[in-house]
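Observations on the three-dimensional arrangement
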Amino acid sequence: MPADDRHGAQARRPARDTRKPGMSTNLKVTLGILAVALLGVIGLAVVNRDSGTTPVVASDTLVRADSHRLSTAPDGRVTIVEFLDFECESCLAAYPGVEKLRAEYGDRITYVVRYFPIPSHPNAFNAAHAAEAAARQGKFEAMYKKLFDNATVWGHKEEPQVAVFEGYAREMGLDLARYRADVAGAEVAARVKADAADGAALGVQGTPTFFVNGVRYDGLPTYDDLKAVVEKSLSS
Amino acid sequence: MSVALTEETPADADAGAVLSDRLVGWVLTVGGLVGALAAFVLTVEKTALLKNPAYVPSCSINPVLSCGSIMSTGQAEAFGFANPLIGLVTFPVVAATGAAVLGRVRLPRWWWLALQAGAVFGVGFVHWLFFQSLYRIGALCPYCMVVWVVMVVLFTYTTLYNLDRGHLPAPRRPVDALVRVHSAVPTLWLLILAVLIGVQFWHYWRTLL
């Protein structure tokens, strides 16, 4: 149709000469805009590829003294750090594989979970605060599991899910008064923010982002692929 | 070339115009049909979702591209009924208008003004939905995005046509300038929307790269 119409416009132009060459100007401007946009996208992709090859990162930023360890390997040969958001679908998709891996390797690997709530997810911060409040009563892992196991119940809802999380705290037998104070407290909020700030400093841009022995893991977060990396690190 | 000349010139009142009746007729026809189809699919999906709350719509591809989560929000029924019903009854009118223009029917000024009013409402509503989708719900629904694109294109061409043909009063010079780059207008407009989407869901796109 457009090509056809251009012929029409050109054919008709001599009949009425009052206008400047219309269709060709229009086409040029439109294609020009599209070309600029395309260049922008390509540029962005190239910049991203380059920043993708990050070497070993600073270990003190990667795992803090107060970072939550789901398991600790005495030999310290393999340390996996996962920056996650409880409301991120990719994290939820990775979760079963991670749990299988943790069950299989247990204390042969150190597994560290760090908060990286994504602001566009309505309850990402609430969920992280719930996990951190539970952590203050020694129940981080239980809340971590509870949040992921029930992610389809509370995830992607606009309304705050604070009451739902409190229900989980009750089910887990936490001291509710203390939980309520913690979850709304400035300390817990600051702790979650500090994790996210560490992540940002390490170049984390999305979730889940894994680091294996200080090197960002850029493969797929599937059980098989993660296991391959763990095996390699254990045998080296 | 010469064949086209003899065929087009006698009947076409606007021969030589950049924004020909034929072009606008096609835009309205195709835009109206595509919009109607998207509204129809959304209505069908919505019905399926109402029948079975566990139904996963065909457009729920991943966490960001998902209409299931969007369809169940309050914004999906902005006026107390399902939004796609609006498109279902209005887009066919747009398509019929386009077909009439292609058939060289001379439509009265009030018809064009009514179409303009509908286009203004549609494009305004679509941008409200865009805002809700991006900044309140945090997900995108592919069929809805088809409607966004269609609405921006239809609004641009309806408005430019009405300005060019004097249905809407406006100084000639800026109108001519805009008409001369008519397809650049919706292109730039949609690119800005695309950039906003890219920025808002950057965290998500990043994990896909």
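Structure shown above.
This is a predicted model, so every value here is computed, not measured. (Residues numbered from 1 in each chain as written. Chains lettered and ligands numbered in written order. Predicted model: local features only at pLDDT ≥ 70, side-chain atom pairs only at ≥ 80, totals over all residues. Heavy atoms only, no water.)

With that settled, the discussion passes to the overall build of chain A. For chain A, the count of helices and strands is 11 helices and 5 strands. Considering only intrachain contacts with a sequence separation of at least 6, the fraction spanning at least 24 residues in chain A is 79%. Of the roughly 11,500 Å² of accessible surface on chain A, a fraction of 59% belongs to carbon and sulfur atoms. (Helix = DSSP H or I, 4+ residues; strand = E, 2+ residues; numbered from the N terminus. Contact = heavy atoms within 4.5 Å. Areas by Shrake-Rupley, 256 points an atom, 1.4 Å probe, with all protein chains shown as cover.)

Looking now at unusual backbone geometry. Following threonine 207 of chain A, the chain continues to proline 208 of chain A via a peptide bond in cis, the omega torsion being -10 degrees. Checked against the element boundaries, proline 208 of chain A lands in the loop between α10 (186–201) and β4 (209–212). One non-glycine residue, arginine 104 of chain B, adopts positive backbone phi at about 65 degrees. Among the secondary structure elements, arginine 104 of chain B is positioned in the loop between α4 (84–102) and α5 (109–137).

This brings us to the packing of helix α5 (residues 124–135) of chain A against α10 of chain A. All names here are of chain A. Packing of α5 against α10 leaves a shortest axis separation of 9 Å and a crossing angle of 110 degrees. The angle between α5 and α10 places the two elements in the roughly perpendicular class. The element α5 and its partner α10 pack so that their crossing is right-handed. In this structure, α5 uses Phe125, Ala128, His129, Glu132 and Ala133 to contact α10, whose residues at the interface are Val188, Ala189, Arg191 and Val192. (Axes fitted to C-alpha atoms, helices over the stretch in contact; angles between N-to-C directions. Parallel < 35°, antiparallel > 145°, perpendicular 65-115°, else oblique. Left-handed = near helix turned anticlockwise from the far one by under 90°.)

Before going further, it helps to spend a moment on the state of the cysteines. Tallied over the full model, the rule gives 2 disulfides over all chains. Disulfide pairing places cysteine 88 of chain A opposite cysteine 91 of chain A at an S-S distance of 2.5 Å. Here cysteine 88 of chain A and cysteine 91 of chain A share a disulfide; its torsion about the S-S bond, 95 degrees, makes the bridge right-handed. For cysteine 88 of chain A, a relative accessible area of 4% puts it in the buried group. Relative accessible area serves as the criterion here: at 1%, cysteine 91 of chain A is assigned to the buried category. A sulfur-sulfur distance of 2.0 Å marks the disulfide that ties cysteine 141 of chain B to cysteine 144 of chain B. (Disulfide = S-S within 2.5 Å. Buried < 20%, exposed > 50% of the residue type's maximum accessible area, 1.4 Å probe, protein only.)

We now examine helix α8 (residues 184–200) of chain B. Taking 1.5 Å of rise per residue, the 17 residues of α8 of chain B would be expected to cover 24 Å, and the 24 Å separating its terminal C-alpha atoms lies within 8% of that figure. For α8 of chain B, the set of buried residues is Ala184, Pro186, Thr187, Leu193, Ile197 and Gln200 of chain B. (Expected span 1.5 Å × (residues − 1).)

The subject of this paragraph is the side chain of aspartate 195 of chain A. Residue and element names in this part refer to chain A. Mapped onto the elements of the fold, aspartate 195 is located in helix α10. Residue aspartate 195 is classed as buried on the basis of its relative accessible area, which comes to 2%. At 2.8 Å, the side chain of aspartate 195 and the side chain of arginine 191 are in polar contact. With sequence-adjacent residues up to four places away left out, aspartate 195 is seen in contact with Phe83, Val113, Arg114 and Tyr115. (Polar contact = N/O pair within 3.5 Å; in protein donor to acceptor, adjacent residues only side chain to side chain.)

A separate point is the sheet that holds β4 of chain A. Residues and elements named next belong to chain A. The sheet built from 5 strands is open, its strands ordered β1-β3-β2-β4-β5 with mixed pairing. Edge strands, defined here as strands with exactly one partner in the open sheet, are β1 (68–71) and β5 (215–217). If you compare each strand with its neighbour and ignore which way they point, the axes differ by 30 degrees on average. As defined by bridge partners, strand β2 (residues 79–84) adjoins strand β3 (residues 110–115) across 6 bridges and the pair is classed as parallel. Bridge pairing in β3 places leucine 84 opposite tyrosine 115. Where helix α4 (residues 89–105) meets the sheet, its contacts fall on β1, β2, β3 and β4, and the angle it forms with β2 comes to roughly 155 degrees. Helix α6 (residues 140–149) rests against β1, β2 and β3 of the sheet, and its axis sits at about 85 degrees to β1. (Pairing = 2+ DSSP bridges.)

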